[in-house]
Amino acid sequence: MVMQSLFIKSLRDMQKSKVQFLSILIMATLAVCIVTGIDSIWKTVELHSESMYAAANISDLWVNVLNPTEKELWGISRIEGVEKAEKRFVLDALSDLENSPTLRVYAVSGKGVLDRPQLLSGKLSSRSGAILDEVFARMHGLDIGDDISIKLNNKWIRFPIQGLALSSEHIYSVKGSTDTFPDPKKYGFIIINEDMLKNAYGRKIYNQISVKLSPGADITKVKTHIFNAVGDDLAGIVAREDHRSVSNINANIQQFKLLAAVFSLMFFIVTALITQSTMMRLVENQRGQIGILKALGYGKKSILWHYTSYGVYMGLLGAFLGLLSGPVIFGKMLIPWLRLNFTDYKISINHSNFIISLVLILLCTGGISLYSCLRLLGDSPSVLLRIKPPKEGSHIFLEYLSGLWSRMRFSRRLIARNTSRNKIRLIMSILGITGCTGLIVAAFTIINMINGIARHTYNVTYTYDHKILLDSKADSRFIHNMGLEGTVQQIRETAAEIICPNGERQLELLTVSPQKSPLIRLKDVEGNPVLLPDEGAAITRKLADTLKIKAGDIIELKRTNKGYIRVPVKQIVYLATGQGMYMSDTYYESIGEIFKPTAILVKWDNGPDWSFLRGDYAEEYVSRADQIADVKSSTRVVYIAGVMLIIMGGILAFVVLYNSSILNFSERIRDLTTLKVLGFYQKEIRSLVLTENTLSVIAGLILGMPVGKVLAEIVAKGLNDQMDLIGNVSFATVVFSVAITAVFALFINSIAAVKMKSIDMIESLKSVE
Amino acid sequence: MSFITFENVEREYHVGGNIIKAVDGVSFGIEKGTVNVVLGQSGAGKTTVLNLLGGMDSPTKGRIIADNLEISGMAEYELTTYRRNKIGFVFQFYNLVPNLTVLENVLLAEEICKDPLDAKEMLIKVGLKDRMDNFPSQISGGEQQRVSIARALAKNPQILLCDEPTGALDSATGRIVLKLIRDAARDMGKTVIIVTHNVLISEMADVVLHLKDGKISDIRYNSSPKAAEEIIW
């Protein structure tokens, strides 16, 4: 019975201050919603990709070898720590579908156990059949029973589709290293039987050995042993975490882990501040009631729990609502945008972080309530029952600046004193607005940065009309003799194995081009045009950062069929997307390689030469306009994220400003009534209350700018290892954020003003202090 | 016509389902520069009369005219202007702004007026020369009431309305306050209306209005009012 009547009292109290308690609830819900929501994204991605890796029995290393012999395979499988080694053939080939999309061909023996596809339907029932990428098949309307032809060694070979599958190597399926985003219409995989290679190459061939390590094996040691076993035939070793798909997923996971912490932090702090200002006032107002409870004989513990429970209820309810809504709002909405080719997945919840956020939110609500109550509880009932002495006025810091103070109007002085007496409330409002502005600035800046990728890459760096991948028969002289009408630039793009200064081996994209490069205009980090170095390589900034290389360092480059050569890094260049190394053709030949172009870039004088583009020598072509459109469509998710950020900011601003207005107003209702009786007009009284809001809005706007910049940078840094996002907070962003925040603030002020209109002078004057 | 006129003024309140007539057909006139005391038991309607006159409340029926302005039927904004320019209030519980010093409390009133009197002079007049920089919580109740009078006078109003001005004070302090109020009429020509249940205060009034159950039960004209110092309770 005892607890019950106190419980009813707490419900009535909350009902009385419903706006304040609702605010606490909203903030607590948002804080937990953000944590569990963003956590559910990476947790789902992590758990599901791991389950796919396990189901596929994914390799730990892929060793690219020019033509592995049985002896090399045997040598590798005998290395200590290697559990299993299998050979296979991997190649990107064109298909006969519209726009000749590329398929990564995996030619495997029927007996392999590593890197198994996850069959969704059908199975490889004959040697001549193929298993096709399910997502790719769906995009092209293909199904089991249809045929598909792929071009191997310049021969079109037809395969009946016998199964559809997903692959753990193609969860994040990006073609080549120049593409930034997955596009299942243009790229997929196909699995065929190794015997079918005979039709194209005349014999079974291999170019890759998949290696599974035993648990606890030393990967560096194994790599060195493989290096010794294969020798000059080695074209590169790719560890699992360096695999494009795997590394991208891992980067996503890391990024979302960070975002969960960064974005929720503000909401936890604001929850604590709102609780503090609400409970402080509630407990102050109820000092008499606390005295009565004590006089009635309620124990210290039950009174403490009574007031703590206000916060605990809000915190528990908020955590529960956050747990329900977060995974739906964030997980369900955003995971599809990651474009991962997952088998059916369930949204996973990160229970341990939920528990942490639950504890945190209970500290911010219940803990703060307890603290507010503890201050009063020490007093004896007789002290509490006595009428509270009126609040003392006190001099504030500003008054010591006598020049300024004496010039201030008295109503302004009143605002200043009142504000400085309620610093927590001021901090709460400023922080709320800082958060709001920060989120809006971050949203716009991220959108700008992403839009900058298309602009920078395809308007500043690349200026061609078409990029044409050449058939292997086309050589430099041939291209020259074609006499294409326009500016033509020949380039060679290869994956080159390098050893970084810190000893790490990496496979990176190397682009070789004439030093005079009319259609790829490289710029340094400051934006000044640069030429390819005479001797040595240029490297893009993001890659240089990832590999910890700086200008002046020396890397070792593996040459075709030869050993390594030392190459100085002469220049760091900025490229928004498509990270890699650049080298001039003359330097490339001077280290003993042959400059055979793999692609040409063309800026046509009189429109495209369609007969060349559709002819035998052009294996594939893409227009710059299409590339821009691709990037734009792939980055649409950023607008959704941007809107989500702005909405969160709006809620934050609304809750803190509305709360601080109402608290400010009801705390001073007696003063304000006196002023009203003295003849202050409604708008003058309003300004006494709302000026504080204006001050915190201005302070919050100023503080919000750097916060937004930092948020945007954190997001940009982890977004994608192929994108190097730059972008400062632009003038337009500042204007927009100020405008949006100001609109929010004005809206809240007008709602608060309506609430204030209802001062009943007579009633308020009757009450005795 | 009198400086202030009440004509058949009624004020009804709805409390629960009942209608309560706090003021029930009151008519009287008040002359400029006089001291008037409205006497009555609690619930007699005297505070309602004061609120109506001060423009804090509007009558349900009847007319109220003050200084040639008909304030019955005025809108909220006009009533505020009326309070701002014509009325000075002295409350039972002083109603000082705790966050402003004594001087600032007076200056605050001055800030909104067209033709204010000097705040410091007013404070010297009420004997608070040395208290100007104190906050209200640092001075006694009598001193706070003097600040309240200084604040009301600094606005230079035509009408000074006092609601139980000595209600929270001991008699010695009360006399000082009453003298200040009396002097406002004598020396400054203000029209003073004091609402009280304290019969003794009526001895210093020029006119005494008795209110009972929302009606005027008696009006007495005092040809030789006592000085404030002579009142003892």
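Every value quoted in this text rests on a predicted model; they were computed, and no experiment measured them.

Visitor: Help me out: how do you make sense of the overall build of chain A in this one?
Guide: The secondary structure content of chain A amounts to 24 helices and 20 strands. Counting every position in chain A, which comprises 769 residues, the buried fraction comes to 56%. A separation of at least 24 residues holds for 82% of the contacts in chain A among residues at least 6 apart in sequence. Accessible area of chain A: about 33,300 Å², with a carbon and sulfur share of 59%. Taking the average place of the 85 positive charges on the side chains of chain A and the average place of its 69 negative ones, the gap between the two points comes to 11 Å.

Visitor: What should I look at first to understand the overall build of chain B in this one?
Guide: Secondary structure summary: chain B contains six helices and ten strands in total. The C-alpha radius of gyration computed for chain B amounts to 17 Å, which stays within 12% of the reference 17 Å derived for 233 residues, consistent with globular compactness. Referenced to the eigenvectors of the C-alpha coordinate spread, the extents of chain B come out at roughly 50 × 40 × 40 Å. Across the 233 residues that make up chain B, the buried fraction comes to 57%. A fraction of 70% describes how many contacts in chain B between residues 6 or more apart in sequence connect residues 24 or more apart.

Visitor: Can you walk me through the interface of chain B and chain A in this structure?
Guide: Accessible area lost upon the coming together of the parts is a frequently used measure of interface size. Opposite the 29 residues of chain B that make contact, chain A presents 29 residues. Taken over both partners, the interface formed by chain B and chain A buries close to 3,000 Å², and the fraction arising from carbon and sulfur atoms is 60%. For the interface between chain B and chain A, the tally reads three salt bridges. The closest approach of N and O atoms between E76(B) and K676(A), which form a salt bridge, is 3.9 Å.

Visitor: Explain the environment of G141(B) to me, please; I cannot follow it from the model alone.
Guide: Residues and elements named next belong to chain B. Along the chain, G141 turns up in helix 5 (residues 141–154). Given the relative accessible area of 24%, G141 is considered partly exposed. A sequence separation of 20 residues divides G141 from L161, and the C-alpha atoms of the two residues are 19 Å apart. Not counting residues up to four positions away in its chain, the partners in contact with G141 are Y94 and L169.

Visitor: Even after reading the chapter, I still don't get the pairing of strand 1 (residues 61–65) of chain A, so can you show me in this structure?
Guide: Remark: a regular strand shows side chains that alternate across the two faces of the sheet. Residue and element names in this part refer to chain A. Summarising burial for strand 1: five of the five residues are buried, a large majority. On strand 1, burial covers both faces: L61, V63 and V65 on one face and W62 and N64 on the other are all buried. In terms of strand pairing, strand 1 meets strand 9 (residues 208–213) through four bridges, oriented antiparallel. Directly across from W62, in strand 9, lies its bridge partner S210.

Visitor: I'm lost on helix 19 (residues 624–634) of chain A in this one. Help?
Guide: Each α-helix winds once per 3.6 residues, and so residues spaced three or four apart point in a common direction. Residues and elements named next belong to chain A. If you check which residues of helix 19 are buried, you get R624, Q627, I628, V631 and S634. For helix 19, the arc enclosing every buried residue in end-on projection is 135°, short of the 170-degree limit, so these residues lie on one face. Elements in contact with the buried residues of helix 19: helix 14 (423–461), strand 19 (599–604), strand 20 (618–623) and helix 20 (637–667).

Visitor: Help me understand the packing of helix 14 of chain A against helix 20 of chain A in this model?
Guide: All names here are of chain A. Relative orientation of the contacting elements helix 14 and helix 20 amounts to 165°, with a least axis distance of 8 Å. Comparing their axes, helix 20 and helix 14 come out roughly antiparallel. Classified by chirality, the crossing of helix 20 by helix 14 is left-handed. For the contact of helix 14 with helix 20, the class distribution of residues is 21 nonpolar, ten polar and two charged.

Visitor: Teacher, can you tell me more about the sheet that holds strand 5 (residues 69–70) of chain B here?
Guide: Strand pairing in a sheet relies on backbone hydrogen bonds. The paired strands run either parallel or antiparallel. Residue and element names in this part refer to chain B. Across the sheet, which stays open at both edges, the four strands sit in the order 2-1-4-5 with antiparallel pairing between neighbours. Two strands lie at the open edges of the sheet, namely strand 2 (18–30) and strand 5, each paired on one side alone. Note: strand 1 (residues 4–15) against strand 4 (residues 61–66), five bridges, orientation antiparallel. Among the inter-strand pairings, E7 is bridged to a residue of strand 4, identified as R63. Sitting on the sheet, helix 1 (residues 46–53) touches strand 1, strand 2 and strand 4, and the angle it makes with strand 1 is about 115°.

Visitor: I tried to follow helix 14 of chain A on my own but got confused; where do I start?
Guide: A bend of about 30° at R455(A) is the largest found in helix 14 of chain A. Across the 39 residues that make up helix 14 of chain A, a large majority, 29, are buried.

Visitor: Whenever I open this one, the packing of aromatic side chains confuses me. Can you help?
Guide: Two measures describe an aromatic ring pair: the distance that separates the ring centres and the angle between the ring planes. Residue and element names in this part refer to chain A. Under the counting rule described, the total for this entry stands at 18 aromatic pairs over all chains. Ring centres of W610 and Y621 lie 6.3 Å apart, and the angle between their planes is 65°; this geometry places the pair in the edge-to-face category. Taken together, the residues span a long stretch of sequence, with W610 in helix 18 (residues 610–613) and Y621 in strand 20 at a distance of eleven residues. On the accessibility criterion, W610 (38% relative accessible area) is partly exposed. Taking the relative accessible area as the measure of exposure, Y621 reaches 33% and is therefore partly exposed. Of the aromatic side chains, those joined through ring pairs into one cluster are F7, W305 and Y313. Seen from the ring of Y206, K87 lies directly overhead, with NZ or CZ sitting 4.2 Å from the centre. The lysine or arginine in question, K257, covers the ring of W42, its NZ or CZ lying 4.6 Å from the ring centre.

Visitor: Mind showing me how you'd approach the pairing of strand 12 (residues 486–499) of chain A here?
Guide: Residues and elements named next belong to chain A. Judged by how many residues are buried, strand 12 sits mostly within the fold: ten of 14 residues are covered. In this sheet, strand 19 lies alongside strand 12 in antiparallel orientation, the contact comprising six bridges. Directly across from I491, in strand 19, lies its bridge partner A599. As paired elements, strand 12 and strand 13 (residues 505–513) share eight bridges and run antiparallel to each other. Bridging from a neighbouring strand, A495 pairs with L509 of strand 13. Counted between consecutive antiparallel strands, the loop separating strand 12 from strand 13 contains five residues, among which G503 sits at a positive phi close to 95°. Here strand 12 runs beside strand 16 (residues 554–558); their pairing, made up of two bridges, is antiparallel. Looking at the pairing, I499 lines up with E556 of strand 16.

Visitor: Even after reading the chapter, I still don't get the sheet that holds strand 6 (residues 87–90) of chain B, so can you show me in this structure?
Guide: Residue and element names in this part refer to chain B. Taken in spatial order, the six strands of this open sheet run 6-7-8-3-9-10, and their pairing is mixed. Sheet topology places strand 6 and strand 10 (215–221) at the edges, where each strand pairs with a single neighbour. Adjacent strand axes in the sheet meet at a mean angle of 20°, parallel and antiparallel pairs treated alike. Relative to strand 10, strand 9 (residues 207–212) is paired through six bridges, and the arrangement is antiparallel. By the bridge assignment for strand 10, L209 is matched with I219.

Visitor: What is the right way to look at unusual backbone geometry in this model?
Guide: Residues and elements named next belong to chain A. Even without a glycine there, the phi angle at D115 is positive, about 50°. With respect to the helices and strands, the residue D115 is situated in the loop between strand 3 (102–108) and strand 4 (118–122). Residue classification places D115 among the buried positions, given a relative accessible area of 11%. For R339, which is not glycine, the phi dihedral falls at a positive 55°. Mapped onto the elements of the fold, R339 is located in the loop between helix 9 (300–334) and helix 10 (351–377).

Visitor: Explanation requested: a nonpolar patch on the surface in the structure shown.
Guide: Residue and element names in this part refer to chain A. Residues I355, I356, V359, L360 and L363 make up a contiguous nonpolar surface patch of roughly 450 Å² in combined accessible area. Relative to the assigned elements, I355 resides in helix 10. For I355, a relative accessible area of 46% puts it in the partly exposed group.

Visitor: Even after reading the chapter, I still don't get the environment of S121(A), so can you show me in this structure?
Guide: Structurally, S121(A) can be placed in strand 4. Aside from chain neighbours lying at most four places away, what touches S121(A) is I144(A), Q162(A), G163(A) and L164(A).

Visitor: In this structure, what is going on with the pattern of salt bridges? I would like to understand it.
Guide: For side chains of opposite charge, pairing can occur when their charged atoms come near one another. On inspection of all chains with the given rule, the structure shows 36 salt bridges over all chains. Ionic pairing is found between E684(A) and R84(B), a salt bridge with its closest N-O pair at 2.7 Å. Pair noted here: E684(A) is in helix 22 (residues 682–718) and R84(B) is in helix 2 (residues 76–86), and the two residues belong to different chains. A relative accessible area of 21% places E684(A) in the partly exposed class. When its relative accessible area of 11% is taken as the criterion, R84(B) is described as buried. Between K215(B) and D24(B) there is a salt bridge; the shortest N-O distance is 2.9 Å. Of this pair, K215(B) sits in strand 10 while D24(B) sits in strand 2, and the two are 191 residues apart along the sequence. In this structure K215(B) comes out as partly exposed when scored by relative accessible area, which is 43%. In this structure D24(B) comes out as buried when scored by relative accessible area, which is 19%. Within this structure, R127(A), E194(A), D195(A) and K204(A) form a network of salt bridges that share partners.

Reading the values: rules and limits
Residues numbered from 1 in each chain as written. Chains lettered and ligands numbered in written order. Predicted model: local features only at pLDDT ≥ 70, side-chain atom pairs only at ≥ 80, totals over all residues. Heavy atoms only, no water. Helix = DSSP H or I, 4+ residues; strand = E, 2+ residues; numbered from the N terminus. Buried < 20%, exposed > 50% of the residue type's maximum accessible area, 1.4 Å probe, protein only. Contact = heavy atoms within 4.5 Å. Areas by Shrake-Rupley, 256 points an atom, 1.4 Å probe, with all protein chains shown as cover. Lys, Arg positive; Asp, Glu negative; His and termini not counted. Charge placed at Lys NZ, Arg CZ, Asp CG, Glu CD. Rg over C-alpha atoms; globule rule 2.2 N^0.38 Å. Buried area = accessible area lost by both parts, 1.4 Å probe. Salt bridge = Lys/Arg side-chain N within 4 Å of Asp/Glu carboxyl O. Pairing = 2+ DSSP bridges. Arc of directions from axis to C-beta. Axes fitted to C-alpha atoms, helices over the stretch in contact; angles between N-to-C directions. Parallel < 35°, antiparallel > 145°, perpendicular 65-115°, else oblique. Left-handed = near helix turned anticlockwise from the far one by under 90°. Nonpolar A, V, L, I, M, F, W, Y, C, P; charged D, E, K, R; others polar. Bend = angle between axes of the 7 residues up to and from the residue. Phe/Tyr/Trp six-rings, centres within 6.5 Å; stacked < 30°, edge-to-face > 60°. Lys NZ or Arg CZ within 6 Å of the ring centre and 35° of its normal. Patch = residues over 30% accessible without salt bridge, like charges linked within 9 Å, V, L, I, M, F, W, Y side chains within 5 Å.

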